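# Structure assessment
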Amino acid sequence: GFRVNDIDHEHSDILNYVSHFITKYEDNTLSFEISSIDWSDPVNANLQYKLEGYDDHWVMPERNNAFVRYPKLPPGEYTLFIKGANADGIWNEEEKKILITVIPPFWMRWWFITGIIIAIGLSLYLLVRSYYRRKIEKKNQLLREQALIIEKQQAVENERTRIASEMHDDL
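Residues numbered from 1 in each chain as written. Predicted model: local features only at pLDDT ≥ 70, side-chain atom pairs only at ≥ 80, totals over all residues. Heavy atoms only, no water.

### Section: the overall build of the chain
- Looking only at helices and strands, the chain has one helix and eight strands in total.
- Its helices and strands in sequence order give the chain the pattern β-β-β-β-β-β-β-β-α, from N to C terminus.
- The C-alpha atoms of the chain give 40 Å as radius of gyration, which overshoots the globular expectation for 171 residues (16 Å, by more than 25%).
- Split into buried and exposed, the 171 residues of the chain put 23% on the buried side.
- A sequence separation of at least 24 residues applies to 61% of the contacts in the chain between residues at least 6 apart.
- Of the roughly 13000 Å² of accessible surface on the chain, 56% is carried by carbon and sulfur atoms.
- Treating the 20 positive side-chain charges of the chain as one cloud and the 26 negative ones as another, the clouds have centres 11 Å apart. (Helix = DSSP H or I, 4+ residues; strand = E, 2+ residues; numbered from the N terminus. Rg over C-alpha atoms; globule rule 2.2 N^0.38 Å. Buried < 20%, exposed > 50% of the residue type's maximum accessible area, 1.4 Å probe, protein only. Contact = heavy atoms within 4.5 Å. Areas by Shrake-Rupley, 256 points an atom, 1.4 Å probe, with all protein chains shown as cover. Lys, Arg positive; Asp, Glu negative; His and termini not counted. Charge placed at Lys NZ, Arg CZ, Asp CG, Glu CD.)

### Here we look at the nonpolar core
- In terms of nonpolar packing, the biggest core is built from 19 residues, with L30, F32, I34 and I100 touching the most fellow members.
- Contributions of two or more residues to this core are made by β1 (2-4), β4 (30-35), β5 (46-52), β6 (65-70), β7 (76-85) and β8 (96-103).
- Those residues within four positions of L30 in sequence are excluded, and the remaining contacts are F2, R3, V4, F21, T23, V68, R69, Y70, L73 and I100. (Core = buried A, V, L, I, M, F, W, Y, C linked by side-chain atoms within 4.5 Å.)

### Concerning the pattern of salt bridges
- Enumeration over the complete set of coordinates arrives at two salt bridges.
- In this structure, R162 engages E159 in a salt bridge whose closest nitrogen and oxygen atoms are separated by 2.3 Å. Within this pair, R162 and its partner E159 are both found in helix α1 (residues 110-170), separated by three residues, close to a single helical turn.
- Classification of R162 as partly exposed rests on a relative accessible area of 37%. (Salt bridge = Lys/Arg side-chain N within 4 Å of Asp/Glu carboxyl O.)

### Some details on the sheet that holds β7
- On the basis of which strands lie adjacent, the open sheet formed by four strands has the order β3-β8-β7-β5 and mixed pairing. The open sheet has two edge strands, β3 (20-24) and β5, and neither has a second partner. Here the average twist between neighbouring strands, direction ignored, is 20°.
- Pairing of β5 with β7 involves seven bridges; the strand directions are antiparallel. When the sheet's bridge partners are listed, E52 is paired in β7 with T79. (Pairing = 2+ DSSP bridges. Axes fitted to C-alpha atoms, helices over the stretch in contact; angles between N-to-C directions.)

### Some words on the sheet that holds β1
- Pairing in this open sheet of four strands is antiparallel, and the strands run β2-β1-β4-β6 from one edge to the other. Each edge of the open sheet is held by one strand with a lone partner, namely β2 (7-8) and β6.
- In the sheet, β1 pairs with β4 via three bridges, with the strands oriented antiparallel. Within β4, the position partnered with R3 by the bridge is S31.

### Details of the packing of aromatic side chains
- Evaluated as defined, the whole model comprises seven aromatic pairs.
- Relative to W107, the ring of Y25 has its centre 5.9 Å away and its plane inclined at 90°; by these criteria the two rings are edge-to-face. Here the residue Y25 occupies a position in the loop between β3 and β4, and W107 occupies one in the loop between β8 and α1, the gap between them amounting to 82 residues.
- With a relative accessible area of 25%, Y25 lands in the partly exposed category.
- A cation over a ring is seen here: K83 above W58, with NZ or CZ 4.6 Å from the ring centre. (Phe/Tyr/Trp six-rings, centres within 6.5 Å; stacked < 30°, edge-to-face > 60°. Lys NZ or Arg CZ within 6 Å of the ring centre and 35° of its normal.)

Structure below.
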């Protein structure tokens, strides 16, 4: 059996027939019902499984059938290996192998992260540029005001000089 987000998959026996399963990040809780079958002595059959990329070692359940649940698998590729043994302890030579791909959401993909980094960098650049532009505009305004003050002072000084020279000429 097979479940996605604890809901039976529409084709719950799909893993018997496929070797590669692709799922979205939103559907990343996967559950499997697996079993080892030995028709002569079903109670003493053994089972092992391992999700490569998630489990560090083979897991051997206490019974010959198991419910395996992997909650919230991070995006990436995993391989589920399943091995069974008969009651005599003879393991099958080739384990069942299923490749599982969890597709990352758009906000975890390289192009989105690159776009965000570029957007943040551009925003910082524009913010710093705007800051320095306003600072330069303030300095220019201050210089214009100072030039006007100096111009006024020169006009007053010229007027005083003119008046003084007229007074001097009148005397």
